[in-house]
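# Secondary and tertiary structure notes
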There are 2 protein chains.
Amino acid sequence: MNVELANTPEPPYYVVVFTSVLGNISDQELLKYTQMSNILVELASKETGFIGMESVRNELGITVSYWESLESIRKWKSNVVHAKAQRLGETKWYGTYKIRIAKVDKEITFSRNHL
Amino acid sequence: MNVELANTPEPPYYVVVFTSVLGNISDQELLKYTQMSNILVELASKETGFIGMESVRNELGITVSYWESLESIRKWKSNVVHAKAQRLGETKWYGTYKIRIAKVDKEITFSRNHL
């Protein structure tokens, strides 16, 4: 991920807040997890209705993705590669995760002029 | 922050997604920023209507806080220390930030049994 914030439109739109803690996994599994994460970012960005994404991981991982509709979120959930990643995530990678789906009603942006 | 995910109730509830990139700041300002962040976590957790928070910072920072109502979010925004932090953030610390306020309608939790 680069460090640009997602360029989202005037609300309303939808956000998926995905927060997770990895299990105690090997370096090899961590590599597979990272590779799959990169593939998923690429795939999600090609989905109809995808707007943007922001993601950070330390011990805790937070990925926020923005979507035009609940239907586009449902379609992404059922993407074949994404579904495979979900199975691997639950059997191999994650200790715990939460997915929260929410409708964005207000957005405030600050950007410093002299940057 | 510890690495526990926020323990949120059955939806609906509200989420504030705060994403940011710091400006090119000195180590001294970075320390002040970090100290203020810690103070704000403490203060927010004492607000009426506060449910929980998840936060990660690398180059990109994402803080997600959960609230019982829009009114509790408004009250937190006008907290005196928080308001001071907002001014410092805009004049000293942030290159850019976005705040998105959304209503959570669905939550999915996964937790591995053998952890």
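The preceding data block contains the structure.
One structure accompanies this document, and this report is about it.

Definitions and cut-offs
Residues numbered from 1 in each chain as written. Chains lettered and ligands numbered in written order. Predicted model: local features only at pLDDT ≥ 70, side-chain atom pairs only at ≥ 80, totals over all residues. Heavy atoms only, no water. Phe/Tyr/Trp six-rings, centres within 6.5 Å; stacked < 30°, edge-to-face > 60°. Helix = DSSP H or I, 4+ residues; strand = E, 2+ residues; numbered from the N terminus. Buried < 20%, exposed > 50% of the residue type's maximum accessible area, 1.4 Å probe, protein only. Lys NZ or Arg CZ within 6 Å of the ring centre and 35° of its normal. Contact = heavy atoms within 4.5 Å. Buried area = accessible area lost by both parts, 1.4 Å probe. Salt bridge = Lys/Arg side-chain N within 4 Å of Asp/Glu carboxyl O. Polar contact = N/O pair within 3.5 Å; in protein donor to acceptor, adjacent residues only side chain to side chain. Least-squares fit on C-alpha atoms with pLDDT ≥ 70 in both. Pairing = 2+ DSSP bridges. Axes fitted to C-alpha atoms, helices over the stretch in contact; angles between N-to-C directions.

### Considering the packing of aromatic side chains
The final tally for this structure, using the stated rule, is 18 aromatic pairs over all chains. Taking 5.9 Å as the distance between ring centres and 80° as the angle between the ring planes, the aromatic pair formed by B:Y13 and B:Y66 counts as edge-to-face. Of the two residues, B:Y13 is situated in strand 1 (residues 13-22) and B:Y66 in strand 3 (residues 60-67); the sequence distance between them amounts to 53 residues. Among the residues examined, B:Y13 registers a relative accessible area of 1% and is labelled buried. Here a set of aromatic residues connected by ring pairs shows up, and it is made of A:F18, A:Y33, A:W93, A:Y94, A:Y97 and B:F110. Across the ring face of B:Y66, the terminal group of A:R100 is positioned such that the distance to the ring centre comes to 4.1 Å.

### Here we look at the interface of chain A and chain B
A common measure of how large an interface is: the accessible area buried when the components associate. The interface is formed by 45 residues belonging to chain A together with 45 residues belonging to chain B. Across the chain A to chain B interface the summed buried area is about 4,100 Å²; carbon plus sulfur atoms make up 61%. On inspection of chain A and its partner chain B, the count reaches six salt bridges. Residues B:E107 and A:K98 are paired through a salt bridge, measuring 3.3 Å at the closest nitrogen-oxygen approach. In this structure, the connection of chain A to chain B is made through 36 residue pairs in polar contact (both at pLDDT 80 or more). Those elements that provide at least two residues to the side of chain A that touches chain B are strand 1 (13-22), strand 2 (50-57), strand 3 (60-67), helix 3 (80-93) and strand 4 (94-111) of chain A.

### Overview of the relation of the copies chain A and chain B
With an RMSD of 0.0 Å, chain A superimposes on chain B once it is rotated by 180° and translated 0.0 Å along the axis. Those values place the two copies in the arrangement expected of a two-fold rotation axis. Interface overlap between copies: 100% of the residues of chain A at the interface are likewise at the interface in chain B, consistent with a symmetric, same-surface contact.

### Some details on the sheet that holds strand 4 of chain A
If you walk across this open sheet you meet the eight strands as 2(A)-3(A)-1(A)-4(A)-4(B)-1(B)-3(B)-2(B), and the pairing is antiparallel. Edge positions in the sheet fall to strand 2 of chain A together with strand 2 (50-57) of chain B, since each has one partner strand and no second. Mean inter-strand twist for the sheet, computed between neighbouring axes without regard to direction, equals 25°. Of the strand pairs in this sheet, strand 2 of chain B and strand 3 of chain B are connected by seven bridges, and their pairing is antiparallel. Looking across to strand 3 of chain B, one finds that B:S55 is bridged to B:T63. In this fold helix 1 (residues 27-44) of chain A packs onto strand 1, strand 2, strand 3 and strand 4 of chain A, with an angle of close to 160° to the strand it touches most, strand 2 of chain A.

### Brief notes about the pattern of salt bridges
Overall, the coordinates contain ten salt bridges over all chains when judged by the stated rule. The closest approach of N and O atoms between A:K32 and A:E29, which form a salt bridge, is 3.6 Å. A residue pair is termed a helical-turn pair when its members lie 3 or 4 positions apart in one helix, as A:K32 and A:E29 do in helix 1 at three residues. Residue classification places A:K32 among the partly exposed positions, given a relative accessible area of 39%. A:E29 gets classed as buried once you look at its relative accessible area, which sits at 15%. Here A:R100 and B:E107 are joined by a salt bridge, their closest N and O atoms 3.5 Å apart. Taken as a pair, A:R100 in strand 4 and B:E107 in strand 4 (residues 94-111) lie in two separate chains rather than in one. Salt bridges sharing common partners tie together A:E54, A:E107, B:K98 and B:R100.

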